[in-house]
Amino acid sequence: MRRCLLICVLLLAGCQSMVEQSSFAATVVPSATVVTISQPSTLVPTANLAPSRTPTLPPSATYTPSPTPTATLTPTITASPTITLSPTTAPSVTPIASSTPTDPSSDPNYTPPPTWTPPPANPAAQIADHYVFGRPISNNGVDWIDRVYPYGATAGGTFATHHGVEFVNPTGTPILAVGDGVVHFAGSDLATTYGPSSDFYGNLVVIQHNVTDVDGQGVYTLYGHMNTVDVQVGQPVRRGDRIGTVGASGIALGPHLHFEVRVGNPMDYFATRNPELWIRPYPTYGTLAGIITDADGNRLYSAPLRVESLDITRYTWSYNDDSVDPDTTFNENFALGDLPANYYEVTVSENGRVRFRQIVYVYPNRTTWLNVVLNR
Ligand SMILES: [Zn+2]
């Protein structure tokens, strides 16, 4: 069975919305800028692209002679201003301390990609990551976010804009609370609607956590399509507590956990955030996030992003529309988690033409930020 068949689907999506989902449009004057974009599966391989970057190395270390000839030289890493933050969100980038991670290219066993730049002194370290949650599935099950239908995406125009993420697991797989809190809701949403329609999430649990967003609003997590619900409203839970099991209740084509983060009103289907920016990466993995815009700075919907290292290739899209919120801290329009720390070639192509290409280093256990500005 194809994995996409396991994905919950909003049956209310009409033809018009499907057209919008498959478009690739700027937020401003969309009628003049709507461009059809090929699906990632048909993207032209980037290997045949002419190299556009020169392997010049900006000075990355300066050495201070010690006062005595026997003292050890200490390198001081200088920030490389290759990534700038959004002028609208503007967490300021300040010079990086000398204790930032070591350039992996200094490892004698490290083999750099054919074309590469050294990793920037980590600008993500200046961003207030808020990876306060664990995983809702233990590592005995599939604890990775499904990549076919990520947050804000449509699985290539197949489904409605996704307000959460999927953990595809067999029926009966235990579901765990991702953080400490109190059970806010537990049971069927036949009478209490948490999705766009009644009985959308079937049996679900909503937990109110002991954390707030940067603006002071409450933070909730939602677990949908459950087979069994093992907790009651008002019950305190700790991270890792079993709260139920995976099922396919509500509108789901197969067993999986639909997981959401909501901020503010827990019943508001339009108050979601991207869970990839709340679930802590594993220690050697990181998250790539940023904003995709056209050359004029207009945020683009459903722009396909190809992220490739020497080991893996992943795809994602910028958010399909404004029905899903960006993060309060980041104001991103894409985020891709569970990336092994490494160099990646990030590419956006349109009808075979490369509109953006850059090598970035994704740092472990944190967010690496990338502004993606397409050429004209
Ligand atoms: Zn889902």
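Computed from a prediction, not measured in an experiment: that's the story for all the values here.

Draft legend 1. Representation of the overall build of the protein chain within the structure. Helices and strands together make up the secondary structure of the protein chain, namely two helices and 20 strands. Out of the 376 residues belonging to the protein chain, those deemed buried represent 50%. The contacts of the protein chain with a sequence gap of at least 6 include a subset with a gap of at least 24, amounting to 68%.

Draft legend 2. Region of interest: the sheet that holds strand β14 (residues 285-293). Pairing in this open sheet of three strands is mixed, and the strands run β17-β14-β20 from one edge to the other. In this open sheet, the two strands that pair with only one neighbour each are β17 (334-340) and β20 (367-373). Sheet twist, expressed as the mean angle between neighbouring strand axes with direction ignored, is 25°. Where β14 meets β20, seven bridges bridge the pair, whose relative direction is parallel. Its bridge partner being in β20, A289 is matched across the sheet by W369.

Draft legend 3. Broad picture of the packing of aromatic side chains. Within this structure, the stated rule accounts for 14 aromatic pairs. Pairing F200 with Y201 gives two aromatic rings, centres 4.9 Å apart and planes at 70°, and the pair type is edge-to-face. Each member of the pair F200 and Y201 is classed as buried. An angle of 80° between the planes, with centres 5.2 Å apart, marks the rings of Y269 and F270 as edge-to-face. Residue Y269 is classed as buried on the basis of its relative accessible area, which comes to 8%. On the basis of relative accessible area, F270 is assigned to the partly exposed category, the value being 48%. Aromatic rings pair up to connect F200, Y201, Y269 and F270 into one cluster. The positively charged end of R135 is found above the aromatic ring belonging to W144, 5.6 Å away from the centroid. Above the ring of Y282, the side-chain terminus of R135 is found at 4.4 Å from the ring centroid.

Draft legend 4. Summary view of the environment of R273. Among the secondary structure elements, R273 is positioned in strand β13 (residues 272-273). With a relative accessible area of 8%, R273 lands in the buried category. It is 7.9 Å that separates the C-alpha atoms of R273 and G164, two residues lying 109 residues apart in sequence. In this structure, R273 is in contact with Y151, D213, Q217, V261, V263, W278, D325, P326, D327 and T328, ignoring residues within four places of it in sequence. Reaching out from R273, the side chain makes a polar contact with the backbone oxygen of A271 at a distance of 3.4 Å. Side chain to side chain, R273 and T328 meet in a polar contact 3.3 Å long.

Draft legend 5. Local environment of the side chain of D294. Tracing the sequence through the fold places D294 in the loop between β14 and β15 (304-308). Here D294 occupies a buried position and makes no salt bridge, while the nearest side chain of opposite charge, R376, is found at 6.7 Å. For D294, the side chain forms a polar contact with the main-chain nitrogen of D296, separated by 2.9 Å.

Draft legend 6. Quick look at the side chain of T272. Mapped onto the elements of the fold, T272 is located in strand β13. Dropping the residues within four chain positions of it, T272 is found in contact with Y151, H163, E260, V261, R262, V324 and D325.

Draft legend 7. Looking closely at the sheet that holds β15. Strand order in the open sheet formed by four strands is β16-β15-β18-β19, with antiparallel pairing between adjacent strands. The sheet is open, and its two borders are formed by β16 (313-317) and β19 (353-362), each paired with just one other strand. With direction set aside, neighbouring strand axes in the sheet form an average angle of 20°. Examined bridge by bridge, strand β18 (residues 342-350) and β19 share nine bridges and lie antiparallel to one another. Among the inter-strand pairings, Y344 is bridged to a residue of β19, identified as V360.

Draft legend 8. Quick peek at the pairing of strand β12 (residues 257-263). Counting buried positions along β12 gives seven out of seven residues, so the element sits mostly inside the fold. Here β12 shows a buried face lined by L257, F259, V261 and V263 and a second buried face lined by H258, E260 and R262. Sheet topology note: the strand β5 (residues 165-167)/β12 ladder contains three bridges and is antiparallel. Of the residues in β12, the one forming a bridge with V165 is F259.

Draft legend 9. Highlighting the pattern of salt bridges. Evaluation of the coordinates by the stated rule reveals ten salt bridges. Linking E276 and R147 is a salt bridge whose minimum nitrogen-to-oxygen distance equals 2.5 Å. On the criterion of sequence distance, the pair formed by E276 in the loop between β13 and β14 and R147 in the loop between β4 (75-77) and β5 is long-range, its members being 129 residues apart. In this pair, the class of E276 matches that of R147, namely buried. Across the salt bridge formed by D325 and R273, the nearest N and O atoms sit 3.2 Å from each other. Highlighted residues: D325 in the loop between β16 and β17 and R273 in strand β13, separated in sequence by 52 residues. Relative accessible area serves as the criterion here: at 22%, D325 is assigned to the partly exposed category.

Quick notes on the rules
- The residue numbers shown here count from 1 along each chain, following its written sequence.
- The model is predicted, so local features are restricted to residues of pLDDT at least 70 and side-chain atom pairs to those at 80 or more, both for listing and for counting; the totals for chains, interfaces and linings are taken over all residues.
- Excluding hydrogens and water, the side-chain values take into account all heavy atoms of the structure.
- Strands here are runs of E lasting at least two residues and helices are runs of H or I lasting at least four, both read from the DSSP assignment and numbered beginning at the N terminus.
- Each residue's exposure class comes from its accessible area (1.4 Å probe, protein chains only) as a fraction of the maximum for that residue type: buried when under 20%, exposed when over 50%, partly exposed otherwise.
- Contacts between residues were defined by any pair of non-hydrogen atoms, one from each residue, lying within 4.5 Å.
- Strands were regarded as paired on the criterion that DSSP finds at least two bridges between them.
- Under this scheme, a helix contributes an axis fitted over its contacting stretch, all axes are lines through C-alpha atoms, and angles between N-to-C directions fall in the 0 to 180 degree range.
- Only Phe, Tyr and Trp rings are paired, with Trp represented by its six-membered ring, and only when their centres lie within 6.5 Å; those with planes under 30 degrees apart are stacked, over 60 edge-to-face, the remainder tilted.
- The criterion is that NZ of a Lys, or CZ of an Arg, lies within 6 Å of the ring centre and within 35 degrees of the ring normal, and then a charge sits over that ring.
- Here a polar contact means two N or O atoms within 3.5 Å. Within protein one must be a hydrogen donor candidate and the other an acceptor candidate, and residues neighboring in sequence count only if both atoms are side-chain atoms.
- Neither His nor the chain ends is counted toward charge; the positive residues are Lys and Arg and the negative residues Asp and Glu.
- Each reported salt bridge corresponds to a side-chain nitrogen of Lys or Arg within 4 Å of a carboxyl oxygen of Asp or Glu.

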